[in-house]
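# Coordinates in review
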Amino acid sequence: MHQCGLLTSFNEPVPLKNISVDIIIRGFVADVVSELQYQNEEKNPVEATFVFPLDDEAAVYAFEGLIGGKRIEAQIREKKQAAQEYDDALSEGHQAFLLGREENTSDIFTCNLGNLPPGGEATLKLRYVQALAVEPDDAVRFVLPAVLNPRYVPEGSEGGTVSQQIPRVSTEALPYALSLSAKVESPYGINRVDSKCSLIQNISEDRTAAQVSLAKGHQFDRDMELLIYYEDVHKTSTILEAGKSGAAPGSLMGDPALLLSLYPNIPAAKAGQCVPGEFIFLLDRSGSMGTLIGYSFGSQSRIESAKETLIFLLKSLPLGCYFNIYGFGSTYDSFYPQSVKYTQQTMDTSVQRVKELHCDLGGTEIVKPLKAIYSQPCFEGHPRQIFVFTDGEVSNTNEVIAEVRHNSHFHRCFSFGIGEGASTSLIKGIARAAGGSAEFITGKERMQAKALQSLKKALQPAVSGISLSWELPPGLEAKLVGSGPQVIFQGQRCLIYAQIQGQLQATIVQYNFQNESPTETTKFSLQLEKTDRLPVHRLAAQALLQELEEDKEKVEEKRLLALETSLSSGVVCSQTAYVGVNTELGKPIQGPLLHRHVPFPGELGAKGGGSVPGLEWPLNQMGVQFAAELLQTVWTLPSFGKNILHFCTGIICKAHVASFPYHCFQVTPDIWVTVLAILWLHLNAAEKKDEWELLEGKAVHWLQVNSGDVLRAACQRKSIVSPQVFGL
């Protein structure tokens with residue numbers, strides 16, 4: 001497929017005009033339809049590329065297009081075959097669309113719409129179903145992610161990531177709007193629906209249904225969150241769903257599927273029952289952690305939020321345990337050579353050191369510190385618990401998860417995703433791999449509650465040895481999909497999927513669920529539900545696919561089973577993609593094909609404007625005036641000021657350790673500052689070029705005379721700016 005790099009300015013027409021989202025939420029399950037509405041206002045046909053995030057647990061199961069009044073249903077194919085069909089269609093002048101997942105992570109998707117003719121309109125409709133998490137205050141949380149942060153490519157990895165190619169624009173310049181409508185259903189009652197966004201909502205008199213929509217004027221520059229408070233969230237609920245019409249009996253899609261939603265009230269361990277343990281805290285100190293969380297005045301940076309959470313946890317640890325604190329970026333360090341005993345003195349010393357930490361370690365190399373931790377011997381009688389704090393901006397997600405899973409037999413992993421856009425694939429993946437839990441912190445309001453909840457889980461054994469006994473009519477059998485739940489913590493919801501095999505004689509099925517207490521048995525009567533969207537079947541397939549793709553044993557056998565499951569269920573995995581082709585055009589579309597990337601919001605001082613690891617911060621804190629002043633004063637270093645010089649050399653340069661060849665660091669700080677200020681202006685202030693272009697001309701001439709090597713190195717980073725910027 002055709003690709004285009006990040007543009008130095010973004011003044012091109014964008015064919016994506018509107019995103020409309022329709023959601024149905026039942027209990028812990030959200031069924032989502034997202035429509036992408038395109039219009040080509042140019043004089044040539046275009047190919048539009050839209051890269052967007054989805055939650056790690058979302059199961060994409062259908063894709064279709066309405067082009068020129070004709071509905072075209074995309075087909076799921078093996079990924080290489082889908083890409084070939086798409087490219088062939090474009091070369092033959094046909095309209096086509098393609099949807100796939102990024103190779104090394106499960107939470108980034110790419111949608112391509114090719115050969116949209118001049119004046120043409122098209123609507124692409126994406127369907128997915130998602131399991132929802134529960135907050136510490138019992139709110140069921142749905143998030144429609146808007147923020148997709150650039151992913152860091154670790155040293156030695158091949159190629160870049162799709163997120164590096166996305167142009168960024170200010171909120172005001174965002175070319176598309178969002179409309180959203182959600183229907184919430186619960187037989188147990190709905191207390192209220194909250195959100196950081198302005199909502200219009202109506203709850204029915206019997207409180208079993210609520211209709212929610214976004215108020216007018218909402219800009220899709222931040223994650224859209226719904227917090228749903230049910231009357232009895234802990235009540236066990238079930239859905240029995242009929243199989244897909246025409247699918248083979250005995251298959252996952254052909255048989256009825258059962259969803260059992262558990263959110264048990266597990267008694268918390270008493271203080272004397274808590275096993276102290278060894279607590280290791282792994283803190284992300286990469287450059288991107290300097291980005292602000294939130295959009296209001298006084299918002300924290302990610303690093304400050306992570307530090308506050310870490311200090312809170314340090315002060316809450318039990319006496320007698322062991323602990324250590326690691327920081328990682330391009331390199332890593334630790335407070336102590338090995339874990340030390342937790343005393344008042346070691347706690348006070350460590351808290352003070354945490355307060356002094358900065359995001360000054362460059363890129364995001366998480367595998368190396370994990371290996372260093374795993375190489376340390378464990379303390380007998382002190383189970384190892386690892387807490388990871390990161391914004392998750394790495395491209396080698398699968399490698400990190402595999403490393404955690406390989407060592408899961410002697411530790412548990414609790415992860416914190418800091419800030420909007422944190423990789424759900426990484427944060428949830430490492431927690432799943434080592435029997436822990438994941439939390440996402442996008443503001444201060446629920447930070448301490450989430451930290452305390454994770455610590456409580458770490459201080460008590462999880463409920464394990466879970467077994468299910470089914471009481472079914474004769475001739476029926478319940479078969480778990482996947483391995484089923486291995487552990488359940490207090491405050492954690494658990495979804496169990498089962499395939500009901502055999503012939504149903506009636507629409508009512510009764511069975512028993514039995515937990516670890518043999519005297520506690522619950523009986524349900526279930527109505528068999530029929531629906532074309534099959535949300536329970538799709539979620540069951542997604543759970544199985546996740547398990548198959550994350551387990552690195554019997555790789556080829558599980559790869560083939562994952563491919564078969566994906567193709568039969570329609571749920572996209574790393575090996576598959578959706579492709580649709582309109583072959584009924586009167587004549588092939590003629591003319592040069594223009595390639596247009598749909599930009600992402602890049603609010604200055606909030607999420608960072610560039611797509612180069614480490615460049616978002618601290619340069620994204622600059623204004624145009626400050627960057628211009630840097631250019632104006634950099635050639636007269638005596639008047640430059642020692643503090644600014646230290647700021648630029650000690651932080652900016654370190655943030656680029658992984659972005660530029662080593663020999664570039666032999667140049668003087670004034671050269672570095674000049675190069676970085678020019679890059680920032682082109683990435684973040686192109687629309688104000690008339691304010692700084694004369695200064696830039698002087699700066700480029702000065703750089704050409706003093707250091708051509710740095711210029712060539714900067715231009716080797718294709719995603720930054722074109723070589724013409726530096727006169728090369």
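Residues numbered from 1 in each chain as written. Predicted model: local features only at pLDDT ≥ 70, side-chain atom pairs only at ≥ 80, totals over all residues. Heavy atoms only, no water.

The name given to the protein chain in an unreviewed UniProt entry is von Willebrand factor A domain containing 5A, with Naja naja as the source organism.

### Regarding the nonpolar core
Residues Ile25, Tyr38, Phe50 and Phe142 are the most contacted members of the largest nonpolar core, which totals 90 residues. Not counting the four nearest positions on each side in its chain, Ile25 is found in contact with Ala30, Leu132, Phe142, Lys183, Val184, Glu185, Leu226, Ile228 and Tyr230. (Core = buried A, V, L, I, M, F, W, Y, C linked by side-chain atoms within 4.5 Å. Buried < 20%, exposed > 50% of the residue type's maximum accessible area, 1.4 Å probe, protein only. Contact = heavy atoms within 4.5 Å.)

### Brief notes about the pattern of salt bridges
Tallying each qualifying case throughout the model produces 30 salt bridges. Residue Arg384 pairs with Glu278 through a salt bridge whose shortest N-O separation is 2.8 Å. Separated by 106 residues along the polypeptide, Arg384 in strand β24 (residues 384-390) and Glu278 in strand β20 (residues 278-284) bring together distant segments of the chain. A residue is classified by how much of its surface remains accessible, and Arg384, at 2% relative accessible area, is buried. Here the residues in one salt-bridge network are Arg26, Lys183, Glu185 and Glu529, joined through shared partners. (Salt bridge = Lys/Arg side-chain N within 4 Å of Asp/Glu carboxyl O. Helix = DSSP H or I, 4+ residues; strand = E, 2+ residues; numbered from the N terminus.)

### Things to note about the environment of Leu227
With respect to the secondary-structure elements, Leu227 resides in strand β17 (residues 224-230). By relative accessible area, which is 6% here, Leu227 ends up buried. Leu227 sits 31 residues away from Lys196 along the chain, and the two C-alpha atoms are 9.2 Å apart. The contact partners of Leu227, leaving out residues within four places of it in the chain, are Glu135, Ala139, Val140, Arg141, Arg192, Val193, Asp194 and Arg446.

### Quick notes on the side chain of Ser237
With respect to the helices and strands, the residue Ser237 is situated in strand β18 (residues 237-241). When neighbours within four sequence positions are excluded, Ser237 is seen to be in contact with Tyr188, Leu259, Leu260 and Ser261.

### Some thoughts on the packing of aromatic side chains
Scanning the model with the defined rule gives 14 aromatic pairs in all. Centre to centre, the rings of Phe335 and Tyr336 are 6.3 Å apart; their planes meet at 75°, and the pair counts as edge-to-face. Of the two residues, Phe335 and Tyr336, neither departs from the other in class, the shared state being buried. Between Phe389 and Phe416, the aromatic rings sit 4.8 Å apart at their centres with planes inclined by 5°, giving stacked as the arrangement. Residue Phe389 is found in strand β24, and its partner Phe416 is found in strand β25 (residues 411-418); the two are separated by 27 residues along the sequence. By relative accessible area, Phe416 is classed as buried at 0%. (Phe/Tyr/Trp six-rings, centres within 6.5 Å; stacked < 30°, edge-to-face > 60°.)

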